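Residues per chain, in single letters:
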Amino acid sequence: MTVMRVAIIGAGVAGLACAERLDSLGATTQLFDKGKRPGGRLSTLVLDDFAWDFGAQYFTVRDPRFADRISRWEAAGHVARWTDGPDGAWIGAPTMASFLAASCADRDVRFGALVQAVDPVDGQWQVSGPGWEEGPFDAVVIAVPAEQAATLIGLHDLNMAREAAMVRSAPCWTLMAAFPEPLTGAPDVLRSAGAISWAARNESKPGRPSAECWVIQAGGEWSARNLERDQEGVAQDLLVHLAELIGAPVPEPTFLKAHRWRFAMPQGGNGAPLWNADLKLGACGDWCMAARIEDAWLSGHELADRVVETLGASAAPVKTAEAA
């Protein structure tokens, strides 16, 4: 039996989970990602002795399938428990995307590849971007935010595109700050219902540098109201709100940078990945299920099973690299 070849657009949690599962079932996968490295919202900025996890702050584990994968990543040193964080919190080690980087190590991943179109050709698929085209592929999986997925799917399946278009992602302004001295009296994690929804001392996470680095994330409502403001103004405002939340002045920061996540917290998914068996086209991501790292992983894992159900497993032996 011919080995099926699947194109996966997006090398985040969902895309890589889909690739791992498909590879374990004997398929061949090619991943495309417009970024320079894996991770997406699992992002860490490292500058000398400073580090900020400025995307997703942690994840939790409920499903036994995900728990099994986490146990293998933990054994390999790619994830760790955040004992000083929220109950049941896990993080990537030494950065949030470390376990995704490990998943990329033995896979065909093309970074810096902006996908602008997926086109059917003679019963298969071509994937193309600015100045490049690759294929043919037996199936295509779209593993990008809902707003981007809707555009890629729209020319081929209006129902799936409508599902993606119905999802709304709340934005999030995130502030990275370093201080010359500890913020006295501030706990490692702060939560609020005001302008700031989350603030954390990044060095409280295992494997992070010891410098006083803070990640401050604005709430969805505040972020939406201030979405188009300049980074500098947002940074100064969030610094003021941090002092208000702590209840004491903060020292002059030695580093201050705001980052805008336009598509941070998706809401409105149908609870399952999308798949058109006739077209051999599907989509996965946290937006399909719930805004959790585990749900993003599960969506990719489950979609891979549906792809195999449609195309059939190959005669190739099951791979074991998934345990890396």
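Our structure is the block above this text.
My aim in this report is to walk through the structure given alongside it, one point at a time.

Regarding the overall build of the protein
- From N to C terminus, the protein includes eight helices and 18 strands.
- Expected size for 324 residues packed as a compact globule is a radius of gyration near 20 Å; at 20 Å, the protein falls within 12% of this value.
- Its C-alpha atoms put the protein at 65 × 40 × 35 Å along the principal axes.
- Residues classed as buried in the protein amount to 52% of the 324 residues present.
- Taking the contacts inside the protein whose residues are at least 6 apart along the sequence as the reference set, 67% of them involve residues at least 24 apart.
- As displayed, the protein has an accessible area near 14100 Å², and 51% of this comes from carbon and sulfur atoms.

With respect to the packing of helix H2 (residues 64–75) against helix H8 (residues 293–311)
- One way to put it is that H2 packs onto H8 with a least axis distance of 10 Å and a crossing angle of 105 degrees. Here H2 lies roughly perpendicular to H8, going by the angle between them. On H8, the residues touching Arg65, Phe66, Arg69 and Trp73 of H2 are Ile293, Glu294, Trp297, Leu298, His301 and Glu302.
- A class-by-class count of the residues in the contact of H2 with H8 yields five nonpolar, one polar and four charged.

What to know about H2
- Helix length check: H2, at 12 residues, gives a terminal C-alpha distance of 16 Å against a target of 16 Å (1.5 Å per residue), a fit within 8%.
- Buried residues of H2: Phe66, Arg69, Ile70 and Trp73, and no others. The arc that holds the buried residues of H2, viewed along the axis, is 100 degrees, so those residues lie on one side. Of the residues in H2, the exposed ones pointing more than 90 degrees away from the buried face are Pro64 and Ala75.
- Capping of H2 at its N-terminal end is provided by Asp63; its side-chain oxygen lies 2.8 Å from the backbone amide nitrogen of Arg65.
- Gly77 lies just past H2 and shows a positive phi near 85 degrees.

Remarks on the nonpolar core
- Judged by nonpolar contacts, the single largest core of 72 residues is most densely connected at Leu22, Val127 and Ile142.
- Sort the elements by how many residues they give to this core and H8 lands first, with eight residues.
- Those residues within four positions of Val127 in sequence are excluded, and the remaining contacts are Ala7, Ile9, Phe32, Val115, Ala117, Val118, Trp132, Glu133, Glu134, Phe137 and Val140.
- Judged by nonpolar contacts, the second largest core, of 22 residues, contains Trp173, Leu175, Ala186 and Ile196.

Reading guide: rules and limits
- Residues numbered from 1 in each chain as written.
- Predicted model: local features only at pLDDT ≥ 70, side-chain atom pairs only at ≥ 80, totals over all residues.
- Heavy atoms only, no water.
- Helix = DSSP H or I, 4+ residues; strand = E, 2+ residues; numbered from the N terminus.
- Rg over C-alpha atoms; globule rule 2.2 N^0.38 Å.
- Buried < 20%, exposed > 50% of the residue type's maximum accessible area, 1.4 Å probe, protein only.
- Contact = heavy atoms within 4.5 Å.
- Areas by Shrake-Rupley, 256 points an atom, 1.4 Å probe, with all protein chains shown as cover.
- Axes fitted to C-alpha atoms, helices over the stretch in contact; angles between N-to-C directions.
- Parallel < 35°, antiparallel > 145°, perpendicular 65-115°, else oblique.
- Nonpolar A, V, L, I, M, F, W, Y, C, P; charged D, E, K, R; others polar.
- Expected span 1.5 Å × (residues − 1).
- Arc of directions from axis to C-beta.
- Polar contact = N/O pair within 3.5 Å; in protein donor to acceptor, adjacent residues only side chain to side chain.
- Core = buried A, V, L, I, M, F, W, Y, C linked by side-chain atoms within 4.5 Å.

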